Amino acid sequence: MKNPPALDQLIAALKVLPGVGPKTAQRMAFHLLQRDKAGADKLARALDRALTKLTHCERCNTFSETPLCSICADPERRPDQLCVVEMPADLMTLEQAKCYQGLYFVLMGRISPLDNIGPKDVNLDKLMVRALDEVVEEVVIATNFTAEGEVTAHMIAELLKERGPKVSRIARGMPVGGELEYVDLSTLAQAVYERKSLTPPADPSAQPG
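Predicted model, so just to flag it, every value in this text is computed and none were measured.

## Section: the pattern of salt bridges
And then number 1: Enumeration over the complete set of coordinates arrives at 9 salt bridges.
And then number 2: Salt-bridge contacts for Arg-49 lead to Glu-65; the nearest nitrogen and oxygen are separated by 3.6 Å. Here Glu-65 lies in the loop between β2 (63-64) and β3 (78-85) and Arg-49 lies in helix α3 (residues 37-53), a separation of 16 residues in the sequence.
And then number 3: Glu-86 is the salt-bridge partner of Arg-110, the closest N and O atoms lying 3.3 Å from each other. One end of the pair, Arg-110, is in the loop between β4 (102-106) and α5 (124-131); the other, Glu-86, is in the loop between β3 and α4 (88-97), and 24 residues separate them in sequence.
And then number 4: A relative accessible area of 25% means that Arg-110 is categorised as partly exposed.

The structure is reproduced here in structure tokens:
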């Protein structure tokens, strides 16, 4: 017996969610249709609104309903600090940790050669424009401590080398392979406070005599 086409389409749509396989998607679909039609309608409306209303902040690239997100529009934030994170969830985690008062740039991904995701796919060109605006004095790299996150951090540091702003990396108090979204807030805050400079010290011999 085959499922009705509409049911198959719903199951296929739910499978796009991370970690959701065919069986889980099927259970979700049956639950929404049989036990929580109001929830299904709410979900559909919320998705439609998000797809219609959300765009990217012109400055930091996170999701926003306005040209500037609330953080970029906040005059109390420090414009001389720019923290680079992979995803909006990482930005929100740092905000919850209350350890950083500067501005952000959200890559919306990370470099992953195995997945054919290169620098252009994670908005490094936009990041360079933002970081080299002559206002930013420090770029704090807060990509995850995964293999892909480390590759991304190295690429950013190399692109910014000797181009103006100081470059730092959150400290390795973060677990290897750890992602910001899942690290406890006190550990994350300590990693930010103890961030390490990636900018090489000035060569005294290079100074004019």
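## Observations regarding the nonpolar core
And then number 1: Counting residues in each nonpolar core, the largest one holds 44 residues, and the members touching the most others are Cys-83, Leu-94, Leu-107, Leu-127, Ile-156 and Ile-170.
And then number 2: Beyond its immediate chain neighbours, meaning those up to four positions away, Ile-170 contacts Val-140, Ile-141, Ala-142, Thr-143, Phe-145, Leu-180, Ala-191, Val-192 and Arg-195.
And then number 3: With 6 residues, the next largest nonpolar core counts Leu-7, Ile-11, Val-20 and Ala-25 among its residues.

Rules of the game
- Residues numbered from 1 in each chain as written.
- Predicted model: local features only at pLDDT ≥ 70, side-chain atom pairs only at ≥ 80, totals over all residues.
- Heavy atoms only, no water.
- Salt bridge = Lys/Arg side-chain N within 4 Å of Asp/Glu carboxyl O.
- Helix = DSSP H or I, 4+ residues; strand = E, 2+ residues; numbered from the N terminus.
- Buried < 20%, exposed > 50% of the residue type's maximum accessible area, 1.4 Å probe, protein only.
- Core = buried A, V, L, I, M, F, W, Y, C linked by side-chain atoms within 4.5 Å.
- Contact = heavy atoms within 4.5 Å.

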